[in-house]
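Reading the structure
Chain residues, written in single-letter form:
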Amino acid sequence: MSGVRHVAEVGEWGGVPLAQVLPALRALEPSARACWLYDLDALTARAGRLVRAFAPLRPAIAYALKANGLPAIAQRLRSLGLHADAGSLGELELASAADFAREARTLSGNGRTPEEAAWVAQRGVDCVSVDAAGELDLLEAALSRTGAAPLCVALRINPGIATANHAHVATGHAAAKFGLSPAEALELWAARARWPHLALEGVHVHVGSQVLERAPLVAAARDALALADASAARGAPLSLVNLGGGFGHDSTRDGGDFALEAHAEELAALAVGRAVRWRLEPGRWLVAPVGVLLAEVLRIKIRRDADRERRFVVLAAGMNDLLRPALYGARHPIAPLAPRAGQPSRATVVGPVCESGDTFATDVHLPPLEVGDVVVIGDAGAYGAVMSSNYNGRGRLAELTAESGQLRRARRGETVEDLRGRDRDDVVPCLG
Ligand SMILES: Cc1ncc(COP(=O)(O)O)c(C=O)c1O
């Protein structure tokens, strides 16, 4: 719990007193009882630390937009020299709108579409990671229509490396959907002349997210380099090594911040004598700890069950806002903004959504709480707001930034009218 207890003790975020945030937002959104808040000062500091740590490797560091696509965050990272990694057409547009130049944009992930292929062919990216051989044909067809210079392509490998994180965020083991087998990749690199509009000369590994041990990431880097050597030996040298993201952050655990500097040192040692371009794609590590979810307490329910008494703290935010506990069993630090005097006792912190899975924490020790108190949920800057939904007819929450004492609303909360906005009754003409 140290992460958020610290927040509550410090009492401010980006120089803004936390106690003022929801009341200030209510001047714009009178019924707001919860919101996201990101500290841009802290984001800047974290990006600086990342860049300094990896400086000896001189990698392009492409922020994984999927972690948090708020334009204010993307723009800040761009202004600090980071690149952007997109995973979809929407994120390509986001990268472009945030002014990432074509050489500062990449596309990765699986399930490429003709529209994405057309986008990269027409508007350009530095490199595309390919997850299946058929995507090469898709990209080749799109590139051949534009006559653009050959597009840099990296093959994403499934190295068969297991990580100790939740199964849903482990992406490098043999049963995961991601990546090509090393043997297939070697064949594709050797056959690269089949795709004349592609510069098929990169290798990409990304073995998971929320990885706290360095060993699997180092193993993946070694595998990537071994494959680059094997490909060179077959007459197809590689010029790009993309090591993906995955650096974890979990302030509910001791040692919950990935050992970035030690990792960077080890990678720099592996890189000695290699004339390749390096690329990293961190998301979570940059943004997780700079974000909090603030939520008012709607209700305190004490239930006297046969086995024991239970205290349920019902928040104005639910699993539709922060899905990670329900989706991954993720733990987030939780603390009251202004702890009341009194003995802490066990509490189960839940949301108002009609699912038992709508539980942020079970049996955590919290001080006395009352209706109207505000609770801070920490480590909420990554894979938080981006995964929120309208489930249970709930509008997505406002997203605010704080920097040097200034609070800004970077994205407004959704209204009931927004929820109705896509409803139609269109006749859909059937063909044939
Ligand atoms: C290909 C790729 N790169 C980078 C990332 C970012 O991972 P993280 O946010 O854990 O650093 C992801 C996330 O799943 C990913 O799929």
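The rules behind each value
- Residues numbered from 1 in each chain as written.
- Predicted model: local features only at pLDDT ≥ 70, side-chain atom pairs only at ≥ 80, totals over all residues.
- Helix = DSSP H or I, 4+ residues; strand = E, 2+ residues; numbered from the N terminus.
- Buried ≥ 20, exposed ≤ 12 C-beta atoms within 10 Å, placed from the backbone.
- Contact = placed C-beta atoms within 7 Å.
- Near = placed C-beta within 6 Å.
- Nonpolar A, V, L, I, M, F, W, Y, C, P; charged D, E, K, R; others polar.
- Domains from an automatic or database assignment.
- Pairing = 2+ DSSP bridges.
- Axes fitted to C-alpha atoms, helices over the stretch in contact; angles between N-to-C directions.
- Expected span 1.5 Å × (residues − 1).
- Arc of directions from axis to C-beta.
- Core = buried A, V, L, I, M, F, W, Y, C linked by C-beta atoms within 7 Å.
- Parallel < 35°, antiparallel > 145°, perpendicular 65-115°, else oblique.
- Left-handed = near helix turned anticlockwise from the far one by under 90°.

What follows covers the overall build of the chain. Secondary structure summary: the chain contains 13 helices and 19 strands in total. Principal-axis analysis of the C-alpha atoms places the extent of the chain at approximately 70 × 60 × 45 Å. A total of 432 residues make up the chain; the buried ones form 46% of that total. Counting only contacts in the chain whose residues sit at least 6 apart along the sequence, the fraction spanning at least 24 positions is 71%.

The environment of the ligand is formed by 17 residues, the closest being A64, S209, G245, G283 and R284. Here the residues of the shell around the ligand are counted per class, giving five nonpolar, eight polar and four charged.

Here the domain parsing of the chain yields domain 1 (2–38 + 289–416) and domain 2 (40–285). Averaged C-alpha coordinates put domain 1 and domain 2 at centres separated by 33 Å. Between domain 1 and domain 2, the contact holds 27 residues from the first and 21 residues from the second. It is strand β18 (residues 399–403) that contributes the most residues to the side of domain 1 that touches domain 2, four residues altogether. Of the residues contributing to the side of domain 1 that touches domain 2, the split by class is 12 nonpolar, 10 polar and five charged.

Read once around its circumference, the closed barrel built from eight strands follows the order β4-β5-β6-β7-β8-β9-β10-β11, with strand pairing classed as parallel. Each adjacent strand pair in this sheet contributes to an overall mean axis angle of 30°, direction not counted. Pairing of strand β5 (residues 83–86) with strand β6 (residues 105–107) involves three bridges; the strand directions are parallel. Within the sheet, the bridge partner assigned to D85 lies in β6 and is T106. Where helix α7 (residues 134–146) meets the sheet, it contacts β7 (127–130), β8 (151–156) and β9 (198–204), and its direction lies at approximately 145° from that of β9.

Take helix α3 (residues 40–54) next. With 15 residues, α3 should cover 21 Å at 1.5 Å per step; its first-to-last C-alpha distance of 21 Å lies within 8% of that length. Listing the buried residues of α3 in full gives L40, L43, R46, A47, L50 and F54. Axial view of α3: buried residues confined to an arc of 115°, hence all on one face. Among the exposed residues of α3, those oriented more than 90 degrees off its buried face are A45, G48 and R52.

Here we come to helix α8 (residues 182–190). Where α8 is concerned, the buried positions are P182, A185, L188 and W189. One side of α8 holds all its buried residues, which, seen down the axis, span an arc of 120°. Summarising the contacts, the buried residues of α8 are in contact with α7, β8, β9 and α9 (215–233).

Of all hydrophobic cores here, the largest spans 114 residues; its most connected members are C35 and L294. The dominant element in this core, judged by the number of residues it contributes, is α9, at six residues. Residue-level mapping places this core at the junction of two domains, with at least three residues from each of domain 1 (2–38 + 289–416) and domain 2 (40–285). Once residues within four sequence positions are removed from consideration, L294 is found in contact with V21, L22, A34, C35, L37, V374 and V376.

Let us now look at the environment of A55. As for its placement among the helices and strands, A55 is situated in the loop between α3 and β4 (60–64). Distance in space between the C-alpha atoms of A55 and A268 is 9.0 Å, their sequence separation being 213 residues.

Our focus in this paragraph is the packing of α9 against helix α10 (residues 260–271). Where α9 contacts α10, the two axes come as close as 11 Å, and the packing angle between them is 15°. As the angle between them shows, α9 and α10 are arranged roughly parallel. Like other packed secondary-structure pairs, α9 and α10 cross with a definite hand, here right-handed. Side by side, α9 and α10 meet where L217, V218, A221, R222 and L225 of the first sit next to H263, E266, L267 and L270 of the second. Residues of the contact of α9 with α10, tallied by class, amount to six nonpolar, one polar and two charged.

This part takes up the pairing of β4. In terms of burial, β4 is a largely internal element, five of the five residues being buried. As defined by bridge partners, β4 adjoins strand β11 (residues 277–280) across two bridges and the pair is classed as parallel. What sits directly across from I61, in β11, is L280. Sheet analysis places β4 next to β5, joined by three bridges and oriented parallel. Note that in β5 the partner of A64 across the bridge is D85.

Now for the environment of E265. Mapping E265 onto the fold places it in helix α10. Considering only alpha carbons, one finds E265 and A53, 212 residues apart in sequence, at a separation of 7.9 Å.

Attention now goes to the environment of Y391. Topologically, Y391 is positioned in the loop between β17 (374–377) and β18. With residues up to four places along the chain from it excluded, the contact list for Y391 reads N320 and V353.

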